[in-house]
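These are the residues of each chain, in order.
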Amino acid sequence: NAGVTQTPKFQVLKTGQSMTLQCAQDMNHNSMYWYRQDPGMGLRLIYYSASEGTTDKGEVPNGYNVSRLNKREFSLRLESAAPSQTSVYFCASSEEGVLPSGQYFGPGTRLTVL
Amino acid sequence: RKEVEQDPGPFNVPEGATVAFNCTYSNSASQSFFWYRQDCRKEPKLLMSVYSSGNEDGRFTAQLNRASQYISLLIRDSKLSDSATYLCVVNPWGYGQNFVFGPGTRLSVLP
C-alpha cells in the first residue's frame with residue numbers, strides 16, 4: 001500500500017498562475033482533507049471531503065477550490081496564485097467509525113509563489 | 001483560550017531520559033485524541049490514538065484525564081531518533097472535519 005500520495009513534491013509559480021495539486025489514497029478511506037502549514041504554525045484546514053461528491057470549507061478556503069473526483073482522489077486547485085499561498089500543502093485521509101481513526105498524511109507539496 | 005494548547009518547548013534531553021509532554025483542550029465534549037510526530041520538512045505521522053484513559057505502545061505512553069481536560073505523552077528511554085515535533089490533535093465532535101491541531105512541542109534528544 002502506498003498510503004497517501006501527492007504530486008508534485010515541489011512547485012514554483014508566478015503570481016496569477018494556476019495549478020492543481022493532486023492527492024490519492026489507497027486505504028479505501030471515506031474522508032479526505034487538504035491542509036496548509038506555514039513556518040512556525042500549526043496545520044490549518046483548507047477543505048474537507050466526507051465522501052465522493054461532497055466537499056466542505058475549512059478554516060482557510062479563500063483562493064482555493066477542490067474536487068473529489070472519486071473515493072481515491074481529492075485535488076486542490078489554485079486559480080490565481082498569490083505570494084500568501086506560499087506554503088507546504090498536505091493531503092490526508094481518515095476512516096470514520098464509531099470513533100474516528102487518526103489521519104494519514106501524504107508527503108506534502110512545497111509551493112512557492114513569486 | 002485556544003482549543004488545543006501544548007507545552008511550548010523545546011525540550012532538550014539526553015539519550016535514555018524520560019520526557020513527558022502535556023496538551024490541554026478546551027472542549028469538554030471532545031471524544032478522540034491523537035499524538036503525531038512530525039520530522040523536519042516531513043508530513044505528520046500518527047503515533048498513538050487515545051480513546052479511553054490511556055494507551056501504551058512500547059516506550060510511549062499516552063494518558064487522558066477528562067476531568068482536567070489534558071492528554072500527556074510519556075517517552076521512556078529516549079532515542080536520538082525520537083527527535084521531532086510532537087503534535088497533539090483533538091477531534092471535538094468525534095467525527096468529520098474537526099481535527100484540531102495543537103502547535104506542537106519540539107523534542108531534541110542529545111547524545
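Summary of the structure given here.

A few words now on the pairing of strand 3 (residues 19-25) of chain A. Two faces make up the sheet, and in a regular strand the side chains alternate between them. All names here are of chain A. With five of seven residues buried, strand 3 is to be regarded as a mostly interior element. In this structure, strand 1 (residues 4-7) lies alongside strand 3, joined through four bridges in antiparallel fashion. Counted as the bridge partner of Gln6 is Cys23 from strand 3. Of the pairings in the sheet, the one linking strand 3 to strand 8 (residues 74-78) comprises three bridges and is antiparallel in character. The partner of Thr20 across the bridge, within strand 8, is Arg77.

Another point: the state of the cysteines. Per the stated rule, a full pass over the model turns up two disulfides over all chains. Across the disulfide, Cys23 of chain A is cross-linked to Cys91 of chain A (sulfur-sulfur distance 1.9 Å). The chirality of the disulfide connecting Cys23 of chain A with Cys91 of chain A is left-handed, given an S-S dihedral of about -70°. Of this pair, Cys23 of chain A sits in strand 3 while Cys91 of chain A is found in strand 9 (residues 87-94), placing the two residues 68 residues apart along the sequence. Here Cys23 of chain A falls in the buried class, since its relative accessible area comes to 3%. With a relative accessible area of 0%, Cys91 of chain A lands in the buried category. Two residues, Cys23 of chain B and Cys88 of chain B, share a disulfide whose sulfurs are 2.0 Å apart. Here Cys23 of chain B and Cys88 of chain B share a disulfide; its torsion about the S-S bond, -70°, makes the bridge left-handed. Here the residue Cys23 of chain B occupies a position in strand 3 (residues 19-25), and Cys88 of chain B occupies one in strand 9 (residues 84-91), the gap between them amounting to 65 residues.

Structurally, Pro8 of chain B can be placed in the loop between strand 1 (4-6) and strand 2 (11-14). Spatially, the C-alpha atoms of Pro8 of chain B and Thr105 of chain B are 5.8 Å apart, while their sequence positions differ by 97 residues.

Calculation criteria
Along each chain, residue indices are assigned from 1 in the same order as the chain's sequence is written. Labels follow written order: the first chain is A, the first ligand is 1, and so on. This being a predicted model, a pLDDT of at least 70 is required before a residue's local features are given, and a value of 80 or more before pairs of side-chain atoms are given or counted; all residues contribute to the totals for chains, interfaces and linings. Side-chain measures were taken over the full set of non-hydrogen atoms in the model, leaving aside hydrogen atoms and water. Between buried and exposed lies partly exposed: a residue is buried under 20% and exposed over 50% of the maximum accessible area for its type, with that area taken using a 1.4 Å probe on protein chains only. Under the scheme used here, helices are H or I runs from DSSP no shorter than 4 residues and strands are E runs no shorter than 2 residues, and both carry numbers assigned from the N terminus. Whether two strands pair depends on DSSP finding at least two bridges between them. Note on terminology: disulfide denotes any pair of cysteine sulfur atoms within 2.5 Å.

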